[in-house]
Amino acid sequence: GNPELFVTDASGGNPKRLTFANGASTSPAWNPKTGQSVVFVSDRGGIPKLYMMNVDGTNSTEMDLPDKGYLIDPSWAPNGQILAFSWRRPEGNYDIYVMDPTTRQIVELTRDSGRNERPSWAPDGRHIVFESTRGGTRQIWTMLADGSQARQLTTQGHNESPNWSSR
C-alpha cells in the first residue's frame, strides 16, 4: 500500500521495516553525527510533515511546527545539530528553512523568491546548495547557511535535486 522505510545490511539483504503508519513515509535522513536518529517525511496525518525516530524505528514523533503546510526534503547539517528542509506554508511557495530539532527554533533562509527546494549541506556546514525557480526555470543555487549570499550555479536547461558530496 504505502511507501515505508526499511534498512538493510551492506549487501542489500535482511531488510528490516522501520515505519508502520497509515500513510507514506519517505525522504529519510540519518543524523550524520550521532547515527542514532532519522528524520523523515510522512503524510500519515494528512499532509507531509517531519518526523524523527530512533534508527531501529522506535520512538517515532512528529516534529510539530507552527502553521500548517507541506514540509519536505529534510537534510542534516554535518554537525548533526541543525536540519534544513523545504516548507510550503499555506500562503506561499516552497522556501528553505533551518531548525534546531532540540528547541524547534526555526529560521527562514529564502523568502518568496520562486520555489526553493531540496537543500543539501556542504561538508563544512557553511553552505547549502538547493534548487530554485527564482530565475524562471529550475536551476541550482548556493547560499551561506544563514541564507545570505545566494548565488546561481547553473544557468541553462532544467537542473534539480542537488546533493553536495562529502568529498
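Above this text sits the structure in question.
Residues numbered from 1 in each chain as written. Predicted model: local features only at pLDDT ≥ 70, side-chain atom pairs only at ≥ 80, totals over all residues. Heavy atoms only, no water.

## Looking at the overall build of the protein
When helices and strands are counted, the protein shows zero helices and 14 strands. When its helices and strands are written in sequence order, the protein yields β-β-β-β-β-β-β-β-β-β-β-β-β-β. Its C-alpha radius of gyration of 16 Å places the protein within 12% of the 15 Å reference for a compact globule of 167 residues. Residues counted as buried form 41% of the 167 residues belonging to the protein. Residue pairs in contact within the protein that sit at least 24 positions apart in sequence constitute 26% of those at least 6 positions apart. Here the protein has roughly 8900 Å² of accessible surface; of this, 46% comes from carbon and sulfur atoms. Looking at the protein, you have 17 positive and 18 negative side-chain charges, and the mean spots of the two groups are 2 Å apart. (Helix = DSSP H or I, 4+ residues; strand = E, 2+ residues; numbered from the N terminus. Rg over C-alpha atoms; globule rule 2.2 N^0.38 Å. Buried < 20%, exposed > 50% of the residue type's maximum accessible area, 1.4 Å probe, protein only. Contact = heavy atoms within 4.5 Å. Areas by Shrake-Rupley, 256 points an atom, 1.4 Å probe, with all protein chains shown as cover. Lys, Arg positive; Asp, Glu negative; His and termini not counted. Charge placed at Lys NZ, Arg CZ, Asp CG, Glu CD.)

## Some thoughts on the sheet that holds strand β5 (residues 49-54)
Strand order across the open sheet formed by four strands is β3-β4-β5-β6, with antiparallel pairing between neighbours. The outermost strands of the open sheet, each flanked by one partner alone, are β3 (25-30) and β6 (61-62). Bridge analysis of strand β4 (residues 37-42) against β5 gives six bridges, and the strand direction is antiparallel. Residue pairing for β5: Phe40 is matched across the bridge by Tyr51. (Pairing = 2+ DSSP bridges.)

## Concerning the packing of aromatic side chains
Between two aromatic rings, the relevant description is the distance of the centres plus the angle of the planes. Scanning the entire structure with this criterion turns up four aromatic pairs. Between Phe40 and Tyr51, the aromatic rings sit 5.7 Å apart at their centres with planes inclined by 25 degrees, giving stacked as the arrangement. Taken together, the residues Phe40 in strand β4 and Tyr51 in strand β5 connect sequence positions eleven residues apart. A relative accessible area of 0% places Phe40 in the buried class. Among the aromatic residues, ring-to-ring pairing joins Phe85, Trp87 and Tyr97 into one connected group. Between the NZ or CZ atom of Arg44 and the centre of the ring of Tyr51, over which it lies, the distance is 4.6 Å. (Phe/Tyr/Trp six-rings, centres within 6.5 Å; stacked < 30°, edge-to-face > 60°. Lys NZ or Arg CZ within 6 Å of the ring centre and 35° of its normal.)

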